[in-house]
Amino acid sequence: MCSNSDQQRNKTVLVTGASRGIGKAVAMQFAREGYKVAVHYNSGTAEAEALVAQLIQEGCDVMAVQADVRDSAQVQHMIDTIMAQWGVIDILINNAGIAQQKLFTDITDEDWHNMFAVHVDGTFYCTRAVLPAMIAQKQGVIVNISSMWGQVGGSCEVHYSAAKGAIQAMTKALAKEVGPSGIRVNCVAPGVIQTEMNAILDPETLEALRQETPLEMLGTTAHVAEAVYYLCSDKAAFITGQIVGVNGGMII
Ligand code: NAP
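Just so it is clear, the model here is predicted, and its values are computed rather than measured.

Rules used throughout
Residues numbered from 1 in each chain as written. Predicted model: local features only at pLDDT ≥ 70, side-chain atom pairs only at ≥ 80, totals over all residues. Heavy atoms only, no water. Helix = DSSP H or I, 4+ residues; strand = E, 2+ residues; numbered from the N terminus. Rg over C-alpha atoms; globule rule 2.2 N^0.38 Å. Buried < 20%, exposed > 50% of the residue type's maximum accessible area, 1.4 Å probe, protein only. Contact = heavy atoms within 4.5 Å. Lys, Arg positive; Asp, Glu negative; His and termini not counted. Charge placed at Lys NZ, Arg CZ, Asp CG, Glu CD. Phe/Tyr/Trp six-rings, centres within 6.5 Å; stacked < 30°, edge-to-face > 60°. Axes fitted to C-alpha atoms, helices over the stretch in contact; angles between N-to-C directions. Parallel < 35°, antiparallel > 145°, perpendicular 65-115°, else oblique. Left-handed = near helix turned anticlockwise from the far one by under 90°. Nonpolar A, V, L, I, M, F, W, Y, C, P; charged D, E, K, R; others polar. Near = heavy atom within 4 Å. Polar contact = N/O pair within 3.5 Å; in protein donor to acceptor, adjacent residues only side chain to side chain. Areas by Shrake-Rupley, 256 points an atom, 1.4 Å probe, with all protein chains shown as cover. Disulfide = S-S within 2.5 Å. Salt bridge = Lys/Arg side-chain N within 4 Å of Asp/Glu carboxyl O.

Enquirer: Could you clarify how one ought to interpret the overall build of the protein chain in this entry?
Expert: On a plain count of helices and strands, the protein chain comes out with eight helices and seven strands. Computed over C-alpha atoms, the radius of gyration of the protein chain comes to 17 Å, within 12% of the 18 Å expected from 2.2 N^0.38 for 252 residues, which places it in the range of a compact globule. Reported as C-alpha extents along the three principal axes, the dimensions of the protein chain are approximately 45 × 35 × 35 Å. Within the protein chain, buried positions represent 50% of all 252 residues. For the protein chain, long-range pairs separated by at least 24 residues make up 74% of all intrachain contacts whose partners lie at least 6 apart in sequence. In the protein chain, 16 side chains carry a positive charge and 25 a negative one; their mean positions are 9 Å apart.

Right, dumping it as C-alpha cells:
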C-alpha cells in the first residue's frame, strides 16, 4: 500500500529507465512511500504501463513518460509533460543506461558515441531540463546512477567505464555549481546488481564476481533503491557531490 503521511512525501520524482531493473525498484520505493513518480521508459512500453497500472492499483500517484534520453527534444517534451501535470519536479534520478562488453580495439565509432549518448548526453539533457525550475524554487535533489567501473575501470568495458566516470565528474562539478541554489547532486555507483543488464554475463562470470565481493553476494535492485532513497531524503540534507558505492565492498 502507498502511504502519504508527511511533508517529504508529497514530492514529485522522475526516474529515468524505470521500465525494469534498478530504475523500476527506485520508482516502486518512492511511489510506495507516497511520492508522485514519473516512470520513464524508452522502448519498454508494456513493462512501464504494467508497472504504472500495478502502482495505481496500490493507490500510488504515478504516470508513465516516454523519451529516448539521447534526444534533447524528446527529453524536453517529457519534462514539459510532467511539469504540465504536476507543476514541479523535486527529484531527478538519472538511471537510464546500457551495457556492452567489447575489446577496446573492437569498439566502433557507433558503439562509442551511443554509450556516451545514453549515459552522458542523457544525464545532461534531463538535468538541464529540470534545473531551471529547481533553481527557481531553491530546492531539488538529483541522483545520478554511475557504476563502480566508472571509479576503477572495467576491462572490456572502456567506453562504459569512461561514460560512467564522466557522470561522476558531472556530479561533483554540478554539486558545487548548484549547491548555493539549495540543490543537492549525488551519485550512486552500484557494483554487480542482478538485473537484465547482467544477462550479458555468463553464470560462471557472475559466480566469480560474487566470490570476489567481500560480502560474498551479488547486489539486488532493492539495495540500490535504498541508497538512492536515502540520498534524496532530508536525512541526507548535508550530503552533496558524493559518489556512494553500493557494491558489497568490491570497490573501497
Ligand atoms: P536494465 O535493466 O537494462 O534497464 C535499463 C533501463 O534504461 C531501461 O528502463 C531502459 O528503457 C533504459 N534505457 C536504455 N536506453 C535508453 C535510452 N536510449 N533512452 C531512455 N531510456 C533508456 O539496466 P539496470 O541494470 O537496471 O541498470 C540501470 C542503471 O544502473 C544503468 O545506468 C546502469 O549502467 C547502472 N548500473 C547497473 C549495474 C548492474 O549490475 N545492473 C551496475 C552498475 C551500474 P527501455 O527498456 O524502456 O528502453
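Next comes the rest of the description.
Enquirer: What is the right way to look at the packing of aromatic side chains in this model?
Expert: Remark: the centre distance and the inter-plane angle together describe each pair of aromatic rings, the angle taken between the planes. For the structure on display, the rule yields five aromatic pairs. Ring plane angle 85° and centroid distance 4.9 Å describe the contact between Phe30 and Tyr35, whose orientation is recorded as edge-to-face. Accessibility expressed as a relative area gives 1% for Tyr35, which makes it buried. Between Phe124 and Tyr125, the aromatic rings sit 5.6 Å apart at their centres with planes inclined by 45°, giving tilted as the arrangement. Each residue in the set Phe30, Tyr35 and Tyr229 is aromatic and connected to the rest through ring pairs, giving one cluster.

Enquirer: So what exactly am I meant to see when it comes to the packing of helix H1 (residues 21-32) against helix H8 (residues 221-232) here?
Expert: When two helices pack together, you describe them by how their axes are tilted relative to each other and by the distance separating the axes. For the pair H1 and H8, the least separation of the axes is 8 Å and the interaxial angle reads 50°. In terms of axis orientation, H1 runs oblique to H8. Considering the relative orientation of H1 and H8, their crossing is right-handed. Seen from H1, the contacting residues are Gly21, Ile22, Ala25, Val26, Gln29 and Phe30; seen from H8, they are Thr221, Ala222, Val224, Ala225, Glu226, Val228, Tyr229 and Cys232. Its residues assigned to classes, the contact of H1 with H8 shows 10 nonpolar, three polar and one charged.

Enquirer: Would you mind going over the environment of Val65 with me for this structure?
Expert: Here Val65 shows up in strand S3 (residues 62-66). A sequence separation of 109 residues divides Val65 from Leu174, and the C-alpha atoms of the two residues are 25 Å apart. If we skip the residues at most four places from it in the chain, Val65 touches Leu14, Ala38, Val39, His40, Tyr41, Met78 and Ile82.

Enquirer: Quick question: what am I supposed to make of the site of the ligand here?
Expert: As a structural note, the neighbourhood of the ligand is formed by 33 residues, with Ser19, Arg20, Ser43, Tyr160 and Thr195 the closest of them. Here an oxygen atom of the ligand sits 3.2 Å away from a polar atom, N or O, in the main chain of Gly17. A distance of 2.7 Å is found between an oxygen atom of the ligand and a side-chain nitrogen or oxygen belonging to Arg20. Coverage of the ligand by the protein chains reaches 95% of its 900 Å² of free accessible surface. Listed by contribution, the elements that provide at least two residues to the shell around the ligand are H1, strand S2 (36-41), helix H4 (109-137) and helix H6 (158-178).

Enquirer: Teacher, can you tell me more about the state of the cysteines here?
Expert: Between two cysteines, a covalent bond joining their sulfur atoms is known as a disulfide. Inspection of every chain in the model, using the stated rule, returns zero disulfides. This cysteine, Cys126, is not joined by any disulfide, and Cys232 carries the nearest cysteine sulfur, 15 Å off. Cys232 forms no disulfide, and the closest cysteine sulfur to it belongs to Cys187, at a distance of 12 Å. Residue classification places Cys232 among the buried residues on the basis of a relative accessible area of 2%.

Enquirer: So what exactly am I meant to see when it comes to the packing of helix H3 (residues 72-86) against H4 here?
Expert: Contact geometry of H3 with H4 gives a least axis separation of 9 Å together with a crossing angle of 35°. Crossing hand, H3 versus H4: right-handed. Of the residues in H4, those touching H3 at Ser72, Val75, Gln76, Met78, Ile79 and Met83 are Tyr125, Cys126, Arg128, Ala129, Val130 and Ala133. Residues that form the contact of H3 with H4 fall into these classes: nine nonpolar, two polar and one charged.

Enquirer: What exactly am I supposed to notice about the pattern of salt bridges here?
Expert: Oppositely charged side chains can pair when the atoms bearing their charge come close. Going through the model one piece at a time under the given rule, you end up with five salt bridges. Between Glu58 and Arg32 there is a salt bridge, with its nearest N and O atoms 2.8 Å apart. Of this pair, Glu58 sits in the loop between helix H2 (45-57) and S3 while Arg32 is found in helix H1, placing the two residues 26 residues apart along the sequence. Residue classification places Glu58 among the buried positions, given a relative accessible area of 16%. Since its relative accessible area comes to 32%, Arg32 is described here as partly exposed. For Lys102, the salt bridge identified is with Asp111, shortest N-O distance 2.5 Å.

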